[in-house]
Amino acid sequence: MRLLWVTGRRLGSDLASTTELNLASELVARNVEVTLISPGKKIVSDFHHIAVKKGGVVGFETYITSKGVAEVINSDFDLDNDFDLILVDWRLVFFLRRILTKTNKWVVIDRGPPAYSG
């Protein structure tokens, strides 16, 4: 399975990003190809991470993140052929709706509390 996960969390610096980090790593361990797009700096991991710019203006972070995600998706991927499932952080759906409506492979994710190895 090939999974694209788009999140608004800054991996490695947002404390709540443990959900994305641990779940993505566990999926890879179960032979799922995971590509995760998020704002901030690229992290080294067992899944493919693509970092996009996060805005510094309060109130516009999600919009700027969404623009970066849209640029990456439009230039690098064919959503229908490159992925079997696309998880999209609820905060980004509104701004990515034009891209998302071109495929029926996406679902909204509202991540819960941080995931821990136990």
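Bear in mind that the values here come from a model prediction, so they are computed numbers and not experimental data.

What to know about the overall build of the protein
- In terms of regular secondary structure, the protein is built from four helices and five strands.
- Along the protein, helices and strands appear, N-terminal first, in the series β-α-β-β-α-α-β-α-β.
- Considering only contacts in the protein between residues 6 or more positions apart, those separated by 24 or more positions represent 52%.
- Split by element, the accessible area of the protein, about 6,900 Å² in all, is 55% carbon and sulfur.

A few points about the environment of S45
- Following the sequence through the fold, S45 ends up in the loop between β2 (33-39) and β3 (48-52).
- Overall, S45 belongs to the partly exposed group, its relative accessible area being 29%.
- Distance in space between the C-alpha atoms of S45 and L21 is 8.4 Å, their sequence separation being 24 residues.
- In terms of polar contacts, S45 uses its side chain to reach the backbone carbonyl oxygen of F47, at 2.8 Å.

Looking at the confidence of the model for the protein
- Across the protein, pLDDT averages 87, with 89% of residues at or above 70.
- Strand β1 (residues 2-6) holds the highest mean pLDDT among the elements of the protein, 96, whereas helix α1 (residues 18-29) holds the lowest, 88.

Here's the deal with the nonpolar core
- Ranked by internal contacts, the top residues of the largest apolar core, which has 19 residues, are L4, I37 and L96.
- For this core, the secondary structure elements donating two or more residues are β1, β3, α2 (61-76), β4 (85-89) and α4 (90-100).
- Take this core: its biggest share by element is five residues, from α4.
- Setting aside residues no more than four positions away along its own chain, I37 makes contact with L4, W5, V6, T7, I50, V52, V69, V72, I73 and F77.
- Within the second largest apolar cluster, eleven residues are counted, among which are L3, A24, L36 and I43.

So, the packing of aromatic side chains
- According to the stated counting rule, one finds three aromatic pairs in the structure shown.
- Taken together, a centroid distance of 5.5 Å and an interplanar angle of 70° make the contact between Y63 and F95 edge-to-face. Taken together, the residues Y63 in helix α2 and F95 in helix α4 connect sequence positions 32 residues apart.
- Accessibility expressed as a relative area gives 37% for F95, which makes it partly exposed.
- Arranged with centres 5.3 Å apart and planes meeting at 85°, the rings of F94 and F95 form a pair that is edge-to-face.

Side note on the environment of T35
- Considering the arrangement of structural elements, one finds T35 in strand β2.
- Of the residues examined, T35 reaches a relative accessible area of 10% and is grouped as buried.
- Taking the C-alpha atoms as reference points, T35 and F47, separated by twelve residues in sequence, lie 6.2 Å from one another.
- Every residue in contact with T35, bar those within four places of it in the chain, is listed here: L3, L4, W5, H48, I50, F77 and F83.

Observations regarding the sheet that holds β3
- Reading across the sheet, the five strands line up as β3-β2-β1-β4-β5 and stay open at both edges, with parallel pairing between neighbours. Here the strands that pair on one side only, and so sit at the sheet edges, are β3 and β5 (106-109). Pairwise comparison of adjacent strand axes, ignoring direction, gives a mean angle of 20° for this sheet.
- For β1 and β4, the ladder comprises four bridges, and the chain directions are parallel. Paired with W5 across the strands is L87, a residue of β4.
- Sheet contacts for α2: β1, β2 and β3; angle to β3, the most-contacted strand, approximately 130°.

Analysis parameters
Note that residues are indexed from 1 along each chain, following the sequence as it is written. Since the coordinates come from a predicted model, pLDDT governs what is reported: local features require at least 70, and pairs of side-chain atoms require 80 or more to be given and counted, while whole-chain, interface and lining totals use all residues. Neither water nor hydrogens contribute to the side-chain values; these are computed over all heavy atoms in the structure. Put simply, DSSP H or I for four residues or longer makes a helix, DSSP E for two residues or longer makes a strand, and each gets a number counted from the N terminus. Whether two residues touch is decided by their heavy atoms; if any such pair falls within 4.5 Å, the residues are in contact. Using a 1.4 Å probe, the Shrake-Rupley method yields the accessible areas, and only the shown protein chains count as cover for residues. Type-normalised accessible area, obtained with a 1.4 Å probe on protein chains alone, sets the label of each residue: buried when under 20%, exposed when over 50%, and partly exposed for intermediate values. We define a polar contact as two N or O atoms separated by no more than 3.5 Å, with the added condition that, inside protein, one atom must be a possible hydrogen donor and the other a possible acceptor, whereas residues neighbouring each other in sequence contribute only through side-chain atom pairs. The predictor attaches a confidence to each residue, and that confidence, scored 0 to 100, is pLDDT. As used in this record, nonpolar core signifies buried Ala, Val, Leu, Ile, Met, Phe, Trp, Tyr and Cys residues forming a set joined through side-chain atoms within 4.5 Å. Any pair of Phe, Tyr and Trp rings, taking the six-membered ring for Trp, is counted once the centres come within 6.5 Å. Such a pair is stacked with planes under 30 degrees apart, edge-to-face with planes over 60 apart, and tilted for the rest. The pairing criterion for strands is at least two bridges between them, as found by DSSP. Axis lines are fitted through C-alpha atoms, for helices just across the contact stretch, and the angle between N-to-C directions can take any value from 0 to 180 degrees.

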